[in-house]
Amino acid sequence: MEDIKKLEEFQAKIDAEIKIEPKDWMPEDYRKHLQRQISQHAHSEIIGMQPEGNWLLRAPSLRAKVVLLAKIQDEAGHGLYLYSAAETLGKSRTEYLNELKTGKAKYSSIFNYPTLTWADMGAVGWLVDGAAIVNQVSLQRTSYGPYARGMVKICKEESFHQRQGYEIIADMAKGTPEQKEMAQDALNRFWWPSIMMFGPHDSDSPNTGNAVKWKIKRATNDQLRQSFIDKTVHQAEIIGLTIPDPDLKWNEERGSYDFGEMDWDEFWSVVKGGGPCSKQRLKHYNDAHNNGEWVREAAKAYTDKQTSKQNVA
Amino acid sequence: MTKNEALVKYCLRLGDSSLILGQRMAEWCSNGPVLEEDIAMSNIGLDLFGQSRTMLTYAGEIEGKDRTENDFAFKRLEREFFNNLMSERPNGHFGDTVVRNLFLSAHTYHLYKKLSSSSDNTIAAFAAKSLKEVTYHLRHSAEWVVRLGDGTKESHSKTQQSVNDLWEYTADLFAMNEVDELLIKENIAIDLNEIKPLWDNTINEVLERATLTRPEDSFMQKGSLNGMHSEALGHLLTEMQFLPRAYPDAKW
């Protein structure tokens, strides 16, 4: 009885657009859904440092290098905010990171694709961050207070990332024939994985039901995907690149683009760990973490010594 | 050698040392022992690249041959770089990195403090701005050397080894030649003999707090003033310069 009453009050708050805060009562499924979603989001920021880090040392100008380094640093910072937001749900950063380390937790599949040329730094910023922004703008209104507030700050930085990527790809598209070829190739490789970042079609998405009712999700996968495609097609046209989808066509009636079917076999195979870089990304994370073990132990030992000295004094 | 020729070389020394160390710091990206350290090391890298850009751009202006920061960074060969030998030491493990950075940031900290009253306005302004940054770099590296030195048995022995291994590159930080002679007379550059005792004090103090032993001076490596580097620099440049060299006509 008690729980039903609490659940009704909870839903009433959600319906009235009142944010849920860490100490408020919440259904266990709501808590679990957010723990999973926010930590996956945090893990994506952390793993996402790798494909861009792959070109950091080879950036072709000093300006490009500092912009890229600043961007990757922002991502590490986003990871920090998001782990903090996730910790308000009663689980520690160490626990979340253990789930990443052991492969139990997922992160965005897009980071399991390789970055093969400098143009990929453009494609990642323009398309991957572009897709992420569409999702994150909508999450600024999510019902869980700490997550929504984190998103407001993150969105500001993400829009700078998207412009950084678009600038790289636009410069290359108007550059030498080799540069233009690299830009088109990057678009060809990143287009489909980017639009699959929004997840399965609504009809095949098992997590959508309660998430929409609880206003964790403010728009469905298909709505977000459509909004991303509608704004990106024009951006490609401006710089003279072609979206690699023969079925892409403006639909006057819907006021949106129709587009071809995505390769869901590939999507699920990458989600399940079969992406070209899946093993590499996780191994890289684990190696860095393991190599740092002695450093973390030393820092702890040093702090313990200082504390006991103070206690004696 | 004219004053301007000397000044170009002096700017390249400062700019190259920041650039090469910045590149080393960028190598840490996504490899730090904790997320906070990844962010800190990126910060240091960003400061260093910024410092380098100022000095390389200024070198180009004085030289008057239309060379830009990117021409200097991406289109010179190993023997044309004047970064100190310490800055190109490979990252090794985290202890090697923070010891190397301690030796370097203690050097730039004392140098920039004095250079901020250089008679060359650009150098003085550069030094004053950079001093704020390297003050943090020194604090960061010194605190880590203390934590690692006075941490566990393992961290102590690893970090003492780092100190021992890197010691032979410290003398190169204080080497001078006719460039210095000329610019010291003009009150542009600082006599590094004035910096050495200050550096010694800082290093001794940090090593003592870290319960580490200062090595005896024995064989000391030198050569950066003549563009004589270790093998490590060539590999760093190969990676860093790849795109502008593979596509010389491209603009990025």
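Thresholds applied
- Note on numbering: residues in each chain are counted from 1, in written sequence order.
- Each chain takes a letter, starting from A, and each ligand takes a number, starting from 1, following the order in which they are written.
- The predicted nature of this model means local features are confined to residues of pLDDT at least 70 and side-chain atom pairs, given and counted, to a pLDDT of 80 or more, with totals for whole chains, interfaces and linings taken over all residues.
- As a rule here, side-chain values come from all non-hydrogen atoms in the structure, and water together with hydrogens is ignored.
- Strands are runs of DSSP state E lasting at least 2 residues, helices are runs of H or I lasting at least 4, and numbering of each runs from the N terminus.
- Think of it in three bands: with a 1.4 Å probe and only protein chains considered, a residue is buried below 20% of the maximum accessible area for its type, exposed above 50%, and partly exposed in between.
- Residues count as neighbours in contact if any of their non-hydrogen atoms are within 4.5 Å of one another.
- The Shrake-Rupley method, run with a 1.4 Å probe sphere, supplies the accessible areas, and residue values consider only the shown protein chains as cover.
- Two residue types count as positive, namely Lys and Arg, and two as negative, namely Asp and Glu; His and chain ends fall outside the count.
- Just so you know, the charge point we use is NZ for Lys, CZ for Arg, CG for Asp and CD for Glu.
- A carboxyl oxygen of Asp or Glu within 4 Å of a side-chain nitrogen of Lys or Arg is what we treat as a salt bridge.
- By convention, the term buried area covers the 1.4 Å-probe accessible surface removed from two parts as they join, with the contributions of both added.
- In this classification, the charged set is Asp, Glu, Lys and Arg, the nonpolar set is Ala, Val, Leu, Ile, Met, Phe, Trp, Tyr, Cys and Pro, and all remaining amino acids, among them Gly, are polar.
- For our purposes a nonpolar core is just a set of buried Ala, Val, Leu, Ile, Met, Phe, Trp, Tyr and Cys residues, chained together by side-chain atoms within 4.5 Å.
- Only centres within 6.5 Å qualify two rings of Phe, Tyr or Trp (six-membered ring in Trp) as a pair; their planes then separate them into stacked at under 30 degrees, edge-to-face at over 60, and tilted for everything else.
- Lysine and arginine charges are scored as sitting over a ring when NZ or CZ, respectively, is within 6 Å of the ring centre and within 35 degrees of the ring normal.
- Only the stretch in contact is used when fitting a helix axis, every axis being a line fitted to C-alpha atoms; angles between N-to-C directions are given from 0 to 180 degrees.
- Orientation is classified from the angle alone, with under 35 degrees giving roughly parallel, over 145 giving roughly antiparallel, 65 to 115 giving roughly perpendicular, and any other angle giving oblique.
- Two helices that cross are described as forming a left-handed crossing if the nearer one is turned anticlockwise from the farther one by less than a right angle, and a right-handed crossing if clockwise.
- Disulfides are defined as cysteine sulfur pairs within 2.5 Å.
- To estimate the expected span of a helix, count its residues, drop one, and scale the result by 1.5 Å.
- Think of a polar contact as two N or O atoms within 3.5 Å of one another; within protein, one of them needs to be a possible hydrogen donor and the other a possible acceptor, and neighboring residues in sequence only count if both atoms come from side chains.

### A word on the overall build of chain B
(1) Moving on: When helices and strands are tallied, chain B shows 10 helices and zero strands.
(2) Moving on: Ordered by position from N to C terminus, the α and β elements of chain B give α-α-α-α-α-α-α-α-α-α.
(3) Moving on: Here chain B holds 252 residues, and 60% of them are scored as buried.
(4) Moving on: Partitioning the intrachain contacts of chain B with sequence separation of at least 6 by distance along the chain shows that 81% fall at a separation of at least 24.
(5) Moving on: With the model as given, the accessible surface of chain B reaches about 10,500 Å², and the carbon-plus-sulfur share is 49%.
(6) Moving on: Positive and negative side-chain charges of chain B, numbering 27 and 38 respectively, have mean locations separated by a distance of 2 Å.

### What about the pattern of salt bridges?
(1) Moving on: Applying the stated criterion to the full structure yields 33 salt bridges over all chains.
(2) Moving on: When the shortest N-O distance is used, the salt bridge between Glu-194 of chain B and Lys-114 of chain B registers 3.7 Å. Here Glu-194 of chain B is found in helix α8 (residues 192–209), whereas its partner Lys-114 of chain B is found in helix α4 (residues 94–115), with 80 residues between them in sequence.
(3) Moving on: Take Lys-114 of chain B: its relative accessible area is 31%, and that puts it in the partly exposed class.
(4) Moving on: Each of Glu-52, Lys-71, Glu-75 and Asp-129 of chain A takes part in one network of salt bridges that share partners.

### Re the interface of chain B and chain A
(1) Moving on: Contacts between the two partners involve 49 residues from chain B, matched on the other side by 45 residues from chain A.
(2) Moving on: Both sides together, the interface formed by chain B and chain A hides about 4,000 Å², and carbon and sulfur atoms give 71% of it.
(3) Moving on: Area buried by chain B at its contact with chain A is led by Leu-35, Leu-46 and Trp-252 of chain B, which between them contribute 16% of it.
(4) Moving on: The tally of links between chain B and chain A comes to two salt bridges.
(5) Moving on: Among the salt bridges present, the one from Lys-305 of chain A reaches Asp-150 of chain B, with a minimum N-O distance of 3.0 Å.
(6) Moving on: Where the side of chain B that touches chain A is concerned, the elements lending two or more residues are α1 (3–27), α2 (35–63), α3 (69–74), α4, α5 (121–149), α6 (153–166), α9 (231–240) and α10 (242–246) of chain B.
(7) Moving on: With 11 residues, the top contributor of residues to the side of chain B that touches chain A is α2 of chain B.
(8) Moving on: Partitioned by chemical class, the residues of the side of chain B that touches chain A number 23 nonpolar, 14 polar and 12 charged.

### Quick word on the nonpolar core
(1) Moving on: In terms of nonpolar packing, the biggest core is built from 166 residues, with Tyr-30 and Trp-118 of chain A touching the most fellow members.
(2) Moving on: Discounting residues that sit within four places of it in the chain, Tyr-30 of chain A has contacts with Phe-10, Ile-14, Ile-20, Ser-143, Tyr-144, Trp-214 and Ile-216 of chain A.

### Section: the packing of aromatic side chains
Between two aromatic rings, the relevant description is the distance of the centres plus the angle of the planes.
(1) Moving on: One pass over the full model with this rule turns up 19 aromatic pairs over all chains.
(2) Moving on: Arranged with centres 4.9 Å apart and planes meeting at 75 degrees, the rings of Phe-10 of chain A and Tyr-30 of chain A form a pair that is edge-to-face. Remark: Tyr-30 of chain A occurs in helix α2 (residues 28–47) and Phe-10 of chain A occurs in helix α1 (residues 2–15); sequence separation between them is 20 residues.
(3) Moving on: Under the relative-accessibility criterion, Tyr-30 of chain A is labelled buried at 0%.
(4) Moving on: Centroid distance Phe-267 of chain A to Trp-268 of chain A: 4.9 Å. Interplanar angle 80 degrees. Geometry classified as edge-to-face.
(5) Moving on: Owing to a relative accessible area of 11%, Phe-267 of chain A belongs among the buried residues under this scheme.
(6) Moving on: Note on Trp-268 of chain A: relative accessible area 36%, which makes it partly exposed.
(7) Moving on: Here the aromatic cluster, defined as three or more aromatic residues joined through ring pairs, consists of Phe-10, Trp-25, Tyr-30 and Trp-214 of chain A.
(8) Moving on: Over the face of the ring belonging to Phe-81 of chain B we find Arg-76 of chain B, whose NZ or CZ atom lies 4.1 Å from the ring centre.
(9) Moving on: The ring of Phe-174 of chain B has Lys-196 of chain B lying over it, and the distance from NZ or CZ to the ring centre is 5.7 Å.

### Side note on the side chain of Asp-129 of chain A
Residue and element names in this part refer to chain A.
(1) Moving on: Structurally, the position occupied by Asp-129 is in helix α6 (residues 119–139).
(2) Moving on: Relative accessible area serves as the criterion here: at 7%, Asp-129 is assigned to the buried category.
(3) Moving on: Beyond its immediate stretch of four places on either side in the chain, Asp-129 contacts Lys-71, Glu-75, Val-124, Glu-158, His-161 and Gln-162.

### Here's the deal with the packing of helix α4 (residues 62–87) of chain A against helix α7 (residues 145–173) of chain A
Residues and elements named next belong to chain A.
(1) Moving on: Look at α4 against α7: their axes get within 10 Å of each other, and the N-to-C directions meet at 165 degrees. One element, α4, and the other, α7, form an angle in the roughly antiparallel class. Once α4 is placed against α7, the crossing between them reads as left-handed. Between α4 and α7, the residues in contact are Arg-63, Val-67, Leu-68, Lys-71, Asp-74, Glu-75, His-78, Tyr-81, Leu-82 and Ala-85 and Pro-146, Tyr-147, Met-151, Lys-153, Ile-154, Glu-157, Glu-158, Phe-160, His-161, Gln-164 and Glu-167, respectively.

### Details of the environment of Thr-97 of chain B
Residues and elements named next belong to chain B.
(1) Moving on: Among the structural elements, Thr-97 can be located in helix α4.
(2) Moving on: Along the chain, Thr-97 and Met-25 lie 72 residues apart, while their C-alpha atoms are 8.6 Å from each other.
(3) Moving on: Every residue in contact with Thr-97, bar those within four places of it in the chain, is listed here: Met-25, Trp-28 and Asn-91.

### Some thoughts on the state of the cysteines
(1) Moving on: This structure, assessed with the given rule, holds zero disulfides over all chains.
(2) Moving on: Cys-277 of chain A provides the cysteine sulfur closest to Cys-29 of chain B, a residue in no disulfide bond, and the two sulfurs are 16 Å apart.

### What to know about helix α8 (residues 177–195) of chain A
Residue and element names in this part refer to chain A.
(1) Moving on: Look at α8: 27 Å from first C-alpha to last across 19 residues, which is about the 27 Å you get at 1.5 Å a residue.
(2) Moving on: Among the residues making up α8, those that are buried are Gln-179, Met-182, Ala-183, Gln-184, Ala-186, Leu-187, Phe-190, Trp-191, Pro-193, Ser-194 and Ile-195.
(3) Moving on: Its buried side turned inward, α8 meets α6, α7, α10 (221–238) and α11 (264–274).

### Brief notes about the environment of Thr-238 of chain B
(1) Moving on: Counting through the fold element by element, Thr-238 of chain B comes out in helix α9.
(2) Moving on: It is 19 Å that separates the C-alpha atoms of Thr-238 of chain B and Gly-45 of chain B, two residues lying 193 residues apart in sequence.

### A word on the side chain of Ser-118 of chain B
Residues and elements named next belong to chain B.
(1) Moving on: Along the polypeptide, Ser-118 turns up in the loop between α4 and α5.
(2) Moving on: Side-chain polar atoms of Ser-118 contact the backbone oxygen of Ile-188, separated by 2.9 Å.
(3) Moving on: Those residues in contact with Ser-118 that lie beyond four places of it in its chain are Ile-123, Ala-124, Asn-187 and Ile-188.

### Details of unusual backbone geometry
(1) Moving on: Even without a glycine there, the phi angle at Glu-17 of chain A is positive, about 60 degrees.
(2) Moving on: Checked against the element boundaries, Glu-17 of chain A lands in the loop between α1 and α2.
(3) Moving on: Among the residues examined, Glu-17 of chain A registers a relative accessible area of 40% and is labelled partly exposed.
(4) Moving on: Unlike most non-glycine residues, Asn-187 of chain B shows phi in positive territory, near 60 degrees.
(5) Moving on: Tracing the backbone through its elements, the reader meets Asn-187 of chain B in the loop between α7 (178–185) and α8.

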